[in-house]
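Spelled out, the chains give:
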Amino acid sequence: MAYAITQTCCTDASCVAACPVNCIHPRPDEPDFGKTEMLYVDPQTCIDCGACADACPVDAVFPVDKLTGPLKAYAEVNAEYYADRSPSTDAGSPSPNFHEWGPPAFDRAVPSDFTPLDVAVVGTGPAGMYAVEDLLLHTNSRVTLIDRLPVAGGLVRYGVAPDHPSTRKIGETFARFHEHPRLRLRLGVEVGGEVSAAELSARHDAVIYAVGASAARTLDVPGEELPCSVAATTAVAWYNGHPEVAADAVDLSAERVVVVGNGNVALDVARILTTDPDELVNTSISPQALQRLRSSRVREVVLLGRRGPEHASYTKPELLALTQRDDVELVVDTHDPRIERTMDAASPGDKGGLLRDVAREEVDWSAAPDPGRRRIVFRFNSAPEALLGETRVQALRTTGQPRTTEIPTGLVIRAIGYHGKPVPGLPFDERSGTVPHSGGRVEGSPGNYVVGWIKRGPSGGIGTNRRCAEETVGTLLDDAVAGRLPEAPRQPSKPMRIAQRLRLRRSDSLERNR
C-alpha cells in the first residue's frame, strides 16, 4: 500500500532525499519545485517502505490505508498529480526507478584549512534556523542566535494555527540545534534596541538577518483606523499567545466577522473563530484566547475576496481540509452570477471545483446570523470600499456586482498579506518591504546578509526557506573564501559591554527548553 502526503506538507523536501525509489515529486532539482502547493507521492512507484514518513518533519506522510476523516481525500490528491504525467518507471521494466547515479557535485569550494567564522543569526524562525542548520552541519562556524522575543520559534511558534499541531512539529527539529556546542542562544535581545547593527557586526565576521515580514498590509480605505478593525497579524498573534499582544486584542462581541482576504491566513482565522472551543482544548492555543472564545458571540465569518474563486490565494490542501469539516456550515454567496458559472465550469481538483458541492445562497445581509449555527461565507468578486461606524466598526461597504453592499459587522480583520519592516542600520526598499540584496548579500553593507521573507518578500512556505538559506550561506562562504568579509574590530572594551547586553538570562534558558 502506497503512502500519501497530506495537508500539512511544508515542502521541506526531507522526504525526497529519504525516498529510495524516486517516487516523490517535484524534487528540488525539478522545474516545478517551489511552484506546487505541496509534494506528492506517486502511488504506482511507492514501495511502502515508510522512509518518507520517518523523514517528514511535520508528520504529513501516512499510508493510504491509514488515512481517515478529512485526510482520506489526499490519496486521490497525490494520485491526481501524476495522472497527466509520464509514469515514473520504464514501461518495459517492473523494477522501481531508483535514483540514478550522477557525477559528484561540489556546490561549495571551502579550503580544508578554512578558519572558523563567528556568525550571528538574527531571528529564530524557519529562515534563521535553516541558516543555522547549514552553518553548523556544513561548516565549522560558531553561531550566535538572537531573537528579540523571550521565546524562540518565530513564525512556527506564533504564526501557525494552533489546530495544525503537525506543522508546529518542525519546531522540534529546529530546537535541537539550540543545544549545539557551537551555538549560543540569546533571547530577549532586539537588534536596533539593546544592540545596534554596527555593534553586532563589530563582534562577528558576518551577520545574517532572518527577521521576517511582521507588518500587515493596509486596505487604504476610509474607516480603517476605527476600533475593531484589526490586522490578521494581530489576530494570529492573539490566539497563539504572542507576548506583545494583549489578551483582549480581538473583540468577539459581534455575531458576524468579516475577514478581508482569501489566503491561508484568512482561512486559519475563520476556522479558529468558528471552531467549538472544546475542540481546541488540547492544542497550543493561548489559554486566554480560549477563554474568550468560550464566551464569543461570533456565529458567522465572511471571507471577502476581491477576485473570483479560481484566483483565491489559499492553497487547495487548506481549502479541501475546510470543506471536509462537518461542524461548520460553508456557504458561497451567489450575489454575482459569474461565481456559479466559474465553479460549475471548473475541474474537480481546481479551487473553484472544490467549492462545487458547497451550499449556494444569495445572502441577505440585512438578516442577523443564526445564533444556533456556525458558518463561513465565501463572498467573491467583492472588495472593501469603506469601514463604517461612529466609535467602532459597525459595517463594511463593498464593491461588487450587481450593486454596492453594506455588510453589518462588529469586527473586520485584514488578512491581505504581510510586509517587511526596516532593519536599523541596513538599506530598505519600502515598496517591496525587503532589504536590497544580491544572493542574500546586503547591498552596500559588507558582512551583512538576509534570508527568508525580509530577503524575498512574504512568499513561500516553511520549506522554501531551506533553499533560500542555502543560497545566503553559500554567498557568505564565497565572500569569506574570497576575503570580502570586513575585518571586525576587536576593541577591548566592547566584548564586556555587548556580552552584558546579550547575556542569556536564566529565565530565558528555562523557557527555551520547555
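What you see is a predicted model, and the numbers here were worked out from it, not measured in a lab.

Criteria and thresholds
- Residues numbered from 1 in each chain as written.
- Predicted model: local features only at pLDDT ≥ 70, side-chain atom pairs only at ≥ 80, totals over all residues.
- Heavy atoms only, no water.
- Helix = DSSP H or I, 4+ residues; strand = E, 2+ residues; numbered from the N terminus.
- Rg over C-alpha atoms; globule rule 2.2 N^0.38 Å.
- Buried < 20%, exposed > 50% of the residue type's maximum accessible area, 1.4 Å probe, protein only.
- Contact = heavy atoms within 4.5 Å.
- Lys, Arg positive; Asp, Glu negative; His and termini not counted.
- Charge placed at Lys NZ, Arg CZ, Asp CG, Glu CD.
- Pairing = 2+ DSSP bridges.
- Axes fitted to C-alpha atoms, helices over the stretch in contact; angles between N-to-C directions.
- Parallel < 35°, antiparallel > 145°, perpendicular 65-115°, else oblique.
- Left-handed = near helix turned anticlockwise from the far one by under 90°.
- Nonpolar A, V, L, I, M, F, W, Y, C, P; charged D, E, K, R; others polar.
- Phe/Tyr/Trp six-rings, centres within 6.5 Å; stacked < 30°, edge-to-face > 60°.

Across its full length, the chain holds 18 helices and 23 strands. What you see for the chain is a C-alpha radius of gyration of 24 Å, in line with the 24 Å of a compact globule of 514 residues. Dimensions of the chain along its principal axes, counting C-alpha atoms only, are 70 × 70 × 40 Å. Looking at the chain as a whole, 52% of its 514 residues are labelled buried. For the chain, contacts bridging at least 24 residues in sequence account for 74% of all contacts bridging at least 6. If you average the places of the 57 positive and of the 68 negative side-chain charges in the chain, the two averages end up 6 Å apart.

Turning our attention to the pairing of strand S8 (residues 206-209). Here S8 shows no split at all, with Ala206 and Ile208 on one side and Val207 and Tyr209 on the other all buried. The pairing of strand S5 (residues 118-122) with S8 spans four bridges and is classified as parallel. Paired with Val122 across the bridge in S8 is Tyr209. One ladder, built from three bridges, connects S8 with strand S23 (residues 448-450); its direction is parallel. Looking at the pairing, Ile208 lines up with Tyr449 of S23.

Glancing now at the sheet that holds strand S19 (residues 411-414). Ordered in space as S10-S19-S11-S12-S15-S13-S14, the seven strands form an open sheet in which the pairing is parallel. At either end of the open sheet lies a strand with only one pairing partner, and these are strand S10 (229-231) and strand S14 (359-361). Strand-to-strand twist of the sheet, defined as the mean angle between neighbouring strand axes without regard to direction, takes the value 25°. In the sheet, strand S12 (residues 300-304) pairs with strand S15 (residues 375-379) via five bridges, with the strands oriented parallel. Looking across to S15, one finds that Val301 is bridged to Ile376. Taken strand by strand, helix H9 (residues 232-239) contacts S10 and S19, and its axis lies near 75° from that of S10.

Moving on, we get to the packing of H9 against helix H10 (residues 264-274). Where H9 meets H10, the axes come as close as 10 Å, and the angle between the chain directions of the two elements is 50°. Relative to H10, H9 is oriented oblique. Here H9 runs over H10; the crossing is left-handed. Residues Ala232, Ala235, Val236 and Tyr239 of H9 touch H10, and the partners they reach there are Val265, Asp268, Val269 and Ile272. A breakdown of the residues in the contact of H9 with H10 according to their chemical character gives seven nonpolar, no polar and one charged.

So, about the packing of aromatic side chains. Where two aromatic rings form a pair, the distance of their centres and the angle of their planes describe that pair. Counted by the stated rule, this structure contains six aromatic pairs. Plain terms: the ring middles of Tyr130 and Phe174 are 5.1 Å apart, the flat faces sit at 85° to each other, and that makes the pair edge-to-face. Separated by 44 residues along the polypeptide, Tyr130 in helix H4 (residues 126-138) and Phe174 in helix H7 (residues 170-175) bring together distant segments of the chain. Ring geometry for Phe378 against Phe380: centres 5.9 Å apart, planes inclined by 15°, an arrangement best described as stacked. Given the relative accessible area of 2%, Phe380 is considered buried. Through a chain of ring-to-ring contacts, three or more aromatic side chains come together here, namely Tyr40, Tyr81 and Tyr82.

For Leu219, the location among the structural elements is in the loop between strand S9 (215-216) and S10. Along the chain, Leu219 and Glu255 lie 36 residues apart, while their C-alpha atoms are 23 Å from each other.

Turning next to the sheet that holds strand S16 (residues 384-388). Strand order in this open sheet of three strands is S16-S17-S18, and the pairing throughout is antiparallel. The open sheet terminates on both sides in strands that have one partner only, identified here as S16 and strand S18 (405-408). Each neighbouring strand pair of the sheet contributes to a mean axis angle of 20°, computed without reference to strand direction. As defined by bridge partners, S16 adjoins strand S17 (residues 395-398) across four bridges and the pair is classed as antiparallel. Within S17, the position partnered with Leu387 by the bridge is Leu396.

Distances and angles like these do not, on their own, reveal function.
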